[in-house]
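Breakdown of the fold
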Amino acid sequence: MENRDKVKINQLFSRKKKMYTAAILIILAAVYIVAFLSTPFTIRSSSVSTLETLRRLFIEPLINPEYYSGYLEMIELMLETIAIAYAGVTVATIIAVPVGFLAARNLLGPLSYLAKALLNAIRAIPELIFAIIFVASVGIGPYAGVLAISINSVGMIGKLYAEVIESIDEEPLEAIRASGGNRIQVIWYGVLPQVLPEFVSYSLYRFEIDVRASTVLGIVGAGGIGAPLILATWQRNWEDVGMILIVVVVFVSIIDILSGQIRKRLT
Amino acid sequence: MSSNKSANENNGKRSGRISLTSTVLKVKMLLIIAVVVTLYILAVIATDSNPIRVIEGFEHIWNFVKDDLFPPNLDYFTRVWEPLLETWNIAIFGTTFGALLALPVSFLAAGNITTNKYLYRIFRFIFNIIRTVPEVILAVLFVALVGIGDVSGILALTVLTVGIIGKLLSESIESIDPGPIEAIQASGGNKLQVIRYAVLPQVLPQYVSYTLYSLEINVKASVILGFVGAGGIGIILRQQLAMFNYDRVATIILTIFIVVTIIDFISNRVRERLE
Amino acid sequence: MIEFKDVSLVYPNGFKGLKNINLKIEKGEFVVIVGMSGAGKSTLIRSINRMVQPTSGQLIVNGRDITNLKDRQLRGLRTNVGMIFQSYNIVKRMSVLRNVLAGRLGHTGTLRSILGWFPQSDLQLAMRNLERVGIDSKAYQRASNLSGGQQQRISIARVLTQEPAVILADEPVASLDPPTSHKVMKDLKKVSKEDGLTTIVNLHFIDMAMEYADRIIGLRDGELVFDGPISEVTPETFVEIYGRPIKEDDLLGKDDEPEEVDLEDVVK
């Protein structure tokens with residue numbers, strides 16, 4: 001490239017950059033103006049004070065022995081919630097293994113784009129929407145929750161699995177091909193041993209996410225601790241809401257720590 | 001070479017049968033499989049979802065989508081866009097306020113900036129607690145505190161965003177190059193000057209990237225916040241569901257899907273360029 | 001045993017890998033192919049097990065033209081022709097023994113291999129071959145725990161367990177340091193002579209080729225420029241093969257450094 005042209009291009013570049021910045025600022029300004037104009041910022045403060053509500057949410061369930069017996073029921077529901085997440089993530093893992101192979105560019109080529117697009121589509125839908133559709137089609141209960149969690153998890157695990165498969169060391173596969181192994185043997189002895197620890201690790205990671213997700217499935221009737229949560233909210237029974245919150249935080253933390261420990265040992 | 005040495009601790013007797021895996025590994029694997037399978041069986045019993053029912057379930061769902069959701073009632077879209085805008089606004093405000101709050105807080109939670117150990121631990125603890133609470137439960141809490149409406153949704157997403165950005169950004173701050181910090185300290189700069197001229201320029205791209213990432217999450221979250229009364233498209237979704245207007249439900253879901261896909265796409269593109 | 005009849009290979013991008021190669025290798029020979037990088041050494045070796053496809057000519061292995069084999073026959077050929085790679089190509093997360101047994105896959109049914117039900121005779125064979133290369137004590141360890149020289153020995157044991165008639169070794173010691181290189185080459189020569197295997201090795205270093213080869217084949221720009229027993233090799237031969245005077249880079253160095261000592265073996 002000649003020097004003269006270079007200078008021109010630099011000018012062009014900086015002018016382009018300036019326009020770019022201006023465009024972003026205008027778009028941002030528009031977004032905020034629209035947002036401010038169209039948001040009512042409604043606060044319907046109830047007759048009781050915020051402090052009183054906070055007390056009922058966080059203090060009462062902890063200090064008042066009257067509520068202690070209620071925890072047992074909440075824990076039971078939390079266990080059901082965890083069961084939904086576990087059954088869901090297990091089904092998802094079983095589906096995600098073949099799907100992950102289908103979506104891996106290095107094994108299937110162009111076909112993988114189709115599989116990837118499908119996985120992206122699944123991930124664009126919030127799990128509660130799945131739960132709504134599934135409750136409508138198979139009825140109320142944790143069973144609908146398991147289905148919702150499993151489909152939604154396939155979207156993420158399948159994608160992660162595909163990425164793991166794409167990043168493997170291909171040289172051992174060459175060795176197995178060179179010694180007369182067929183396609184299945186190449187996958188079994190060349191690919192799987194390389195990807196298995198990551199597969200397990202990602203499934204565990206997704207399990208952690210799914211436990212959180214399962215706690216709210218009950219809001220649409222898909223089982224777990226979400227059902228009493230929404231009920232207590234409608235009834236303004238803040239002590240129950242507080243108890244549920246405490247149980248959720250404790251159990252989610254325990255599962256995160258356990259799962260995190262296992263994942264650390266895997267890699 | 002030591003080829004004649006019968007040194008094979010794992011296998012024991014060389015002349016005997018050789019197994020493909022060592023006994024220790026075999027027992028370990030069997031134990032792990034037993035635990036995983038047992039937990040699955042317990043979970044299946046608790047949720048009444050044995051594999052056959054799961055397969056049947058997917059058939060039911062397919063039939064429901066095919067017969068009831070399809071075709072969506074596209075005329076209904078004229079009534080969807082307004083609550084959709086509300087949902088988007090909740091996500092935008094939640095992300096903005098959350099990102100603004102998270103910036104100073106992240107510095108307090110970064111070990112290399114905060115010299116006060118207790119402050120550091122407290123903020124780390126808060127981030128971890130926020131991350132354990134699902135966003136819908138946050139919304140329920142704010143509905144309890146400020147009543148039904150968009151403000152409770154905005155506040156819930158603000159807290160959620162502080163949790164996400166705070167955690168990620170404080171980790172980014174901890175992993176920056178310490179050289180520039182020392183340079184400014186050496187030339188007599190105070191803590192705020194260090195942050196402004198040494199730390200901020202290094203983490204700014206990450207900060208923008210994490211904010212966009214939060215926006216992606218918040219858009220998805222704000223969709224469902226309406227279910228608990230925190231405003232937006234979730235409210236009409238719940239109404240139409242209760243009335244079994246599945247063609248309208250389909251329109252709402254389709255709209256959500258398209259909007260989320262577009263936002264994810266744009267956000268991902270921008271984040272890729274930031275890296 | 002192996003015969004190249006006017007074999008040429010043109011890559012899809014137009015690069016000529018091999019040009020009219022005529023060559024005959026007898027059973028039990030230990031042949032070393034030398035040449036600069038890009039001279040076609042790898043291409044020549046990889047045509048023999050059809051990891052690359054010659055574009056013209058005939059390539060006879062065991063009395064059969066292999067240039068047009070179909071899938072199943074191709075796997076049959078590869079079962080009979082073992083290969084050792086520069087970067088070992090083992091699965092580092094699998095145990096040493098399992099890596100060695102991967103060499104038996106061509107002899108084992110798909111279902112059997114998926115379930116890991118190798119016949120006891122295969123396991124004995126694998127263990128015996130690990131013993132021959134001196135790493136039997138590490139059979140149940142993860143391959144990643146072993147040193148580079150030991151990892152290349154895993155791949156030698158794997159190829160022996162395959163029970164091939166021919167071994168192809170593509171720069172087997174290029175990733176190893178000089179003393180380890182010599183140890184691995186000695187092991188390779190020893191086992192291939194013991195089993196009467198036809199062995200074809202690509203080597204970059206001239207002194208190494210001279211030390212281990214029965215016969216040297218020189219390639220330059222895809223053409224055969226030398227073929228003869230080492231007794232016929234003169235310093236001019238290499239100038240011819242390399243197309244330039246010999247530099248120090250072309251030599252690995254003498255085998256006079258202390259031998260690689262495995263700490264674990266010493267401790268035991």
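Keep in mind the model is a prediction, meaning the values are calculated, not measured.

About the cut-offs
Residues numbered from 1 in each chain as written. Chains lettered and ligands numbered in written order. Predicted model: local features only at pLDDT ≥ 70, side-chain atom pairs only at ≥ 80, totals over all residues. Heavy atoms only, no water. Helix = DSSP H or I, 4+ residues; strand = E, 2+ residues; numbered from the N terminus. Rg over C-alpha atoms; globule rule 2.2 N^0.38 Å. Buried < 20%, exposed > 50% of the residue type's maximum accessible area, 1.4 Å probe, protein only. Contact = heavy atoms within 4.5 Å. Areas by Shrake-Rupley, 256 points an atom, 1.4 Å probe, with all protein chains shown as cover. Lys, Arg positive; Asp, Glu negative; His and termini not counted. Charge placed at Lys NZ, Arg CZ, Asp CG, Glu CD. Domains from an automatic or database assignment. Arc of directions from axis to C-beta. Axes fitted to C-alpha atoms, helices over the stretch in contact; angles between N-to-C directions. Parallel < 35°, antiparallel > 145°, perpendicular 65-115°, else oblique. Left-handed = near helix turned anticlockwise from the far one by under 90°. Nonpolar A, V, L, I, M, F, W, Y, C, P; charged D, E, K, R; others polar. Buried area = accessible area lost by both parts, 1.4 Å probe. Salt bridge = Lys/Arg side-chain N within 4 Å of Asp/Glu carboxyl O.

Looking at the overall build of chain B
- When helices and strands are counted, chain B shows 10 helices and zero strands.
- In chain B, the succession of α and β elements from N to C terminus is α-α-α-α-α-α-α-α-α-α.
- Taking 2.2 N^0.38 as the reference for a compact globule, 275 residues should give roughly 19 Å; the C-alpha atoms of chain B span a radius of gyration of 27 Å, well beyond that estimate.
- Overall, chain B is about 85 × 70 × 35 Å in size when its C-alpha atoms are taken along their principal axes.
- Across the 275 residues of chain B, 48% fall into the buried class.
- A sequence separation of at least 24 residues applies to 75% of the contacts in chain B between residues at least 6 apart.
- Total accessible area on chain B stands at roughly 14,100 Å², and carbon and sulfur atoms take up 66% of it.
- Across chain B, the centroid of the 22 positively charged side chains sits 14 Å from that of the 20 negatively charged ones.

Some points on the domain arrangement of chain A
- Parsing chain A into structural domains produces domain 1 (1-42) and domain 2 (51-266).
- Placing a centre on the C-alpha atoms of domain 1 of chain A and another on those of domain 2 of chain A gives a separation of 40 Å.

What about helix H9 (residues 235-242) of chain C?
Residue and element names in this part refer to chain C.
- Turning to H9, its buried residues number three or more, namely Thr237, Phe238, Ile241 and Tyr242. Along the axis of H9, the buried positions cluster into a sector of 120 degrees, meaning they face one direction only. What points out from H9, more than 90 degrees from its buried face, is the exposed set Pro235 and Glu236.
- Of the surrounding elements, those touching the buried residues of H9 are strand S3 (30-34), helix H8 (206-212), strand S9 (215-220) and strand S10 (223-229).
- Downstream of H9 by one or two residues, Gly243 has phi in the positive range, about 70 degrees.

Re the environment of Glu272 of chain B
- Within the secondary structure, Glu272 of chain B is located in helix H10 (residues 246-274).
- Of the residues examined, Glu272 of chain B reaches a relative accessible area of 54% and is grouped as exposed.

Re the packing of helix H3 (residues 81-108) of chain B against helix H8 (residues 191-225) of chain B
All names here are of chain B.
- Running from N to C, H3 and H8 cross one another at 150 degrees; their axes reach a closest spacing of 9 Å. The orientation of H3 relative to H8 falls into the category roughly antiparallel. Here H3 runs over H8; the crossing is right-handed. Listed contacts from H8 to Thr87, Trp88, Ile90, Ala91, Ile92, Gly94, Thr95, Ala99, Leu100, Leu103 and Phe107 of H3 are Ile195, Val199, Leu200, Tyr207, Thr211, Ser214, Leu215, Asn218, Val219, Ser222 and Val223.
- For the contact of H3 with H8, the per-class residue count stands at 15 nonpolar, seven polar and no charged.

Here's the deal with the interface of chain C and chain A
- Across the boundary between the two partners, chain C contributes 30 residues, which contact 22 residues of chain A.
- Among the residues chain C hides against chain A, the three largest losses belong to Arg93, Leu105 and Ile114 of chain C. Together they make up 27% of the total.
- At the junction of chain C and chain A, the tally comes to two salt bridges.
- Where Arg46 of chain C meets Glu174 of chain A, a salt bridge forms, and the shortest distance between an N and an O atom there is 2.4 Å.

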